Amino acid sequence: MSNTYSISVETGGYRQLDLFAERCGEGNAVVTVADGNGVAIAAHTMPIAERRHHFSIAVPQKSTVTVAASGLVVRFGYLSECDDLLDNGVRYVNMNPSDTDWPAQPTLEQIYNRFGRSGAHFEPFARWMNDPNGLCFYKGRWHVFYQLHPYGTQWGPMHWGHVSSTDMVNWKREPIMFAPSLEEEKDGVFSGSAVIGDDGKLKFYYTGHRWANGKDNTGGDWQVQMTALPDNDELTSATKQGMIIDCPTDKVDHHYRDPKVWKTGDKWYMTFGVSSAEKRGQMWLFSSDDMVKWTYEQVLFEHPDPDVFMLECPDFFPIKDVEGNEKWVIGFSAMGAKPSGFMNRNVNNAGYMIGTWTPGEQFKPETEFRLWDCGHNYYAPQSFNDGKRQIVYGWMSPFVEPIPMQDDGWCGNLTLPREITLGADGDLHTAPVAEMEGLREDTVDFGAIDLDVSGEKTIVDDAEAVEIEMTIDLANSTAERAGLRVHATEDGAYTSVAYDDQIGRVVVDRQANAQGDRGYRTAPLSEAELAAGELKLRVYVDRGCVEVYVNDGRQVLSSYSYASEGPRAIKLVAESGTLKVKSLVLHHMKSIGLE
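Residues numbered from 1 in each chain as written. Predicted model: local features only at pLDDT ≥ 70, side-chain atom pairs only at ≥ 80, totals over all residues. Heavy atoms only, no water.

Caption draft 1: Expanded view of the overall build of the chain. Within the chain, the regular secondary structure consists of three helices and 43 strands. For 595 residues, the compact-globule formula gives about 25 Å, and the C-alpha radius of gyration of the chain, at 25 Å, lands near that figure. Along the first, second and third principal axes, the C-alpha atoms of the chain reach 75 × 60 × 45 Å. When each of the 595 residues of the chain is scored for burial, the buried share is 59%. A separation threshold of at least 6 residues defines the contact pool for the chain, and within that pool the share at least 24 residues apart is 63%. Of the accessible surface of the chain, which amounts to about 23,000 Å², a share of 46% is contributed by carbon and sulfur atoms. (Helix = DSSP H or I, 4+ residues; strand = E, 2+ residues; numbered from the N terminus. Rg over C-alpha atoms; globule rule 2.2 N^0.38 Å. Buried < 20%, exposed > 50% of the residue type's maximum accessible area, 1.4 Å probe, protein only. Contact = heavy atoms within 4.5 Å. Areas by Shrake-Rupley, 256 points an atom, 1.4 Å probe, with all protein chains shown as cover.)

Take a look at the structure:
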């Protein structure tokens, strides 16, 4: 590959070009911009000590400019700074030589018109993403920030990406919010949260990450808590305020991250995940009167399993049932737990406990650890309260190779937003927020369907993004396993979403997939649910993943599903017995506006 190359860019109404570049070799690394007559209007050189650099370059509006790169490769780029930026979003620019099937200024439709790209789920324009961050509803707009590595399709130095929406249905891509710039975060701006202070203004809290030995992970992590203040109500940029909580390295085994902030009574509290010096997974509690100076109080919670060495992405919030009884929920992504039966089957597993908490005391759990989501790919959820509801997003982590989407220049997506409620059964339920009905473009009602022994019925010949609402009459079905085969292609590949009568569980089974990781996951049904003789499934099938909501969100399974080439049918199937479906409704879904 040549170290010098150029593209033409139509600036339209934008005033700035943002390029995230990686040095090639040891010589000078330069980006130059020339106008339509070839006259140079800007030249920027990467600092000699840097391997990667974010260039922010002023460009004239409504012009054609030539952007040339020498001694570097631009991995990620976009036009920004325009009137009504929130509503218009950024415009992506492709200068990565490896993305040869994209034009220099691809439309989002061109980018997302690929087989595995999701339409109803958020995923990055390109490169790697992971944890949702800084979730909030502020000044009439929903904001989702997320961990982004703009230089590659695997995990690397973290930035904060950003999308926003006025209705949670139609989203716009915004400029990258945070990139590593301070010494304490030189190797990554790690996860954090957003909170609205007593003055009505929003504040960000996040973890600054650097390698303890200054070069790589062989010497462990050095992590501290940081804060930043938005520069405007649109949250398109922020000013970092620096470190607010240092790491007591003698008491911590490297891991010390992911702050969550809330207010109880007259005091502000912060918790984050810690691996203690004894390598026990803990959440520490700090308090503050002014949200700036923080005082350590105590260990809020220590995981009882000695194999669990870290509690990532912690969450902590109160919740009330329909009668107004309040409980506290502690959530975390446990690292180190060993598989046991159907539990903890993923590399790491995100879950929660329900209990009580009084300021000045530790959290007192009243339940065992329960999974937020029983699927193959759910991790690092973060919740927030919009004033009426507790809403949660999760990251669909690939976890296990092979990962086909990396070959297409990107990796990762978020789940649909879910509302958390405390049910009459004393457990948490997570169902899609009501706004998700706004994704429905049309509806097909199939009514009741009966299948004979080992019967099969094609529901739709080719489906890209659909929602299916289905009620199975368990009492009058005899099949050992019955349900849907989604992403069913002509080569015989499919993903099964079914009820398995032998184990009394809902199953997402990828054994017939032709691409990606396989395996199966299951969600339990309670004795009461089984005795009811009826099972409600709400299944979201997108181009590259599925989400299965069981009995109004009492359980959920989220899994990637990599379809083979060709039409992707959805079939209703009964295995070794009959199936009686009381109702089946299919909704075609539109995109969330990011394509």
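Further notes follow.
Caption draft 2: Representation of the side chain of Asn344 within the structure. Structurally, Asn344 is set in the loop between strand S22 (326-335) and strand S23 (349-356). Here Asn344 falls in the buried class, since its relative accessible area comes to 10%. Once you skip the residues sitting within four places of it in the chain, Asn344 turns out to touch Ala337, Lys338, Pro339, Asn349, Phe369 and Leu371.

Caption draft 3: Representation of the sheet that holds strand S34 (residues 466-473) within the structure. The sheet built from six strands is open, its strands ordered S32-S43-S34-S39-S40-S41 with antiparallel pairing. The open sheet terminates on both sides in strands that have one partner only, identified here as strand S32 (440-451) and strand S41 (555-560). Recorded for the sheet is a direction-independent mean angle of 15° between the axes of neighbouring strands. With seven bridges joining them, S34 and strand S43 (residues 579-589) adopt antiparallel strand pairing. Across the sheet, Glu467 pairs through a bridge with His587, a residue of S43. (Pairing = 2+ DSSP bridges. Axes fitted to C-alpha atoms, helices over the stretch in contact; angles between N-to-C directions.)

Caption draft 4: Unusual backbone geometry, seen in detail. Cis geometry marks the peptide bond from Glu401 to Pro402; its omega dihedral reads 5°. In this structure, Pro402 sits in the loop between strand S27 (390-396) and strand S28 (410-411). Positive phi outside glycine occurs at Lys62, with the angle close to 50°. Tracing the backbone through its elements, the reader meets Lys62 in the loop between strand S5 (52-58) and strand S6 (64-70). The phi dihedral of Met291 falls on the positive side, at around 70°, and the residue is not glycine. Residue Met291 is classed as buried on the basis of its relative accessible area, which comes to 5%.

Caption draft 5: Spotlight on the packing of aromatic side chains. In total, this model carries 44 aromatic pairs according to the counting rule given. Relative to Trp160, the ring of Phe145 has its centre 5.8 Å away and its plane inclined at 45°; by these criteria the two rings are tilted. With Phe145 in strand S10 (residues 141-149) and Trp160 in strand S11 (residues 159-165), this pair connects stretches of sequence that are 15 residues apart. The exposure class assigned to Phe145 is buried, which follows from its relative accessible area of 0%. Arranged with centres 5.8 Å apart and planes meeting at 25°, the rings of Trp262 and Tyr269 form a pair that is stacked. Among the residues examined, Trp262 registers a relative accessible area of 8% and is labelled buried. (Phe/Tyr/Trp six-rings, centres within 6.5 Å; stacked < 30°, edge-to-face > 60°.)

Caption draft 6: Seen up close, empty space enclosed by the protein. Taken as a whole and assessed by the stated rule, the structure comprises eight cavities of 30 Å³ or more. What the largest cavity holds in volume is close to 120 Å³. Looking at the largest cavity, it is lined by 15 residues, and the ones nearest its centre are Phe122, Trp171, Tyr393, Pro417 and Ile592. Across the lining of the largest cavity, the residue classes break down as 13 nonpolar, two polar and no charged. Looking at the second largest cavity, its volume works out to about 100 Å³. Looking at the second largest cavity, it is lined by 15 residues, and the ones nearest its centre are Gly192, Cys313, Pro314, Pro381 and Gln382. Of all the secondary structure elements, the ones that give two or more residues to the lining of the second largest cavity are strand S9 (127-138), strand S13 (188-196), strand S17 (252-264), strand S21 (310-320) and strand S26 (378-385). (1 Å grid on protein atoms, 1.4 Å probe; cavity = no way out; pocket = protein on both sides within 12 Å on 5 of 7 lines; lining within 4 Å. Points joined across faces, edges and corners; volume = space filled by probe spheres on them. Nonpolar A, V, L, I, M, F, W, Y, C, P; charged D, E, K, R; others polar.)

Caption draft 7: Main features of the environment of Ile41. Mapped onto the elements of the fold, Ile41 is located in strand S4 (residues 40-45). Considering only alpha carbons, one finds Ile41 and Ala58, 17 residues apart in sequence, at a separation of 9.0 Å. Beyond its immediate chain neighbours, meaning those up to four positions away, Ile41 contacts Val33, Ala34, Asp35, Pro60 and Val65.

Caption draft 8: Layout of the layout of surface pockets. The calculated volume of the largest pocket comes to roughly 1,000 Å³. In terms of lining, the largest pocket is formed by 36 residues, of which the most central are Tyr151, His159, Ala179, Pro180 and Ser181. Elements with a minimum of two residues in the lining of the largest pocket: strand S2 (16-23), S5, strand S7 (72-80) and strand S16 (238-245). The leading source of residues in the lining of the largest pocket is S5, at four residues. Partitioned by chemical class, the residues of the lining of the largest pocket number 14 nonpolar, twelve polar and ten charged. The calculated volume of the second largest pocket comes to roughly 660 Å³. Trp128, Asn130, Trp155, Glu312 and Trp395 are the residues nearest the centre of the second largest pocket, which is lined by 31 residues in total. Secondary-structure elements contributing two or more residues to the lining of the second largest pocket are S9, S13, strand S14 (202-211), strand S15 (221-230), S17, S21 and S26.

Caption draft 9: Structural context of the pairing of S4. Where strand S3 (residues 30-34) and S4 come together, five bridges link them in antiparallel fashion. The residue bridging Thr32 from the neighbouring strand is Ala43, located in S4. Connecting S3 to the antiparallel partner S4 that follows it, the hairpin turn spans five residues, and Gly38 within it adopts a positive phi of roughly 85°.

Caption draft 10: Summary view of the pattern of salt bridges. For the structure shown, the criterion picks out 37 salt bridges. With its nearest N and O atoms 3.5 Å apart, the salt bridge here joins Glu464 to Arg568. Here the residue Glu464 occupies a position in the loop between strand S33 (456-460) and S34, and Arg568 occupies one in the loop between S41 and strand S42 (569-575), the gap between them amounting to 104 residues. The closest approach of N and O atoms between Arg481 and Asp500, which form a salt bridge, is 3.2 Å. You can see Arg481 sitting in strand S35 (residues 481-488) and its partner Asp500 sitting in strand S36 (residues 495-500), a full 19 residues away along the chain. Look at Arg481 and you get buried, because its relative accessible area is 14%. Exposure remark for Asp500: the relative accessible area of 9% places this residue in the buried category. One salt-bridge network, held together by shared partners, links Glu22, Arg51, Arg52 and Arg75. (Salt bridge = Lys/Arg side-chain N within 4 Å of Asp/Glu carboxyl O.)

In short, geometric facts, not functional conclusions.
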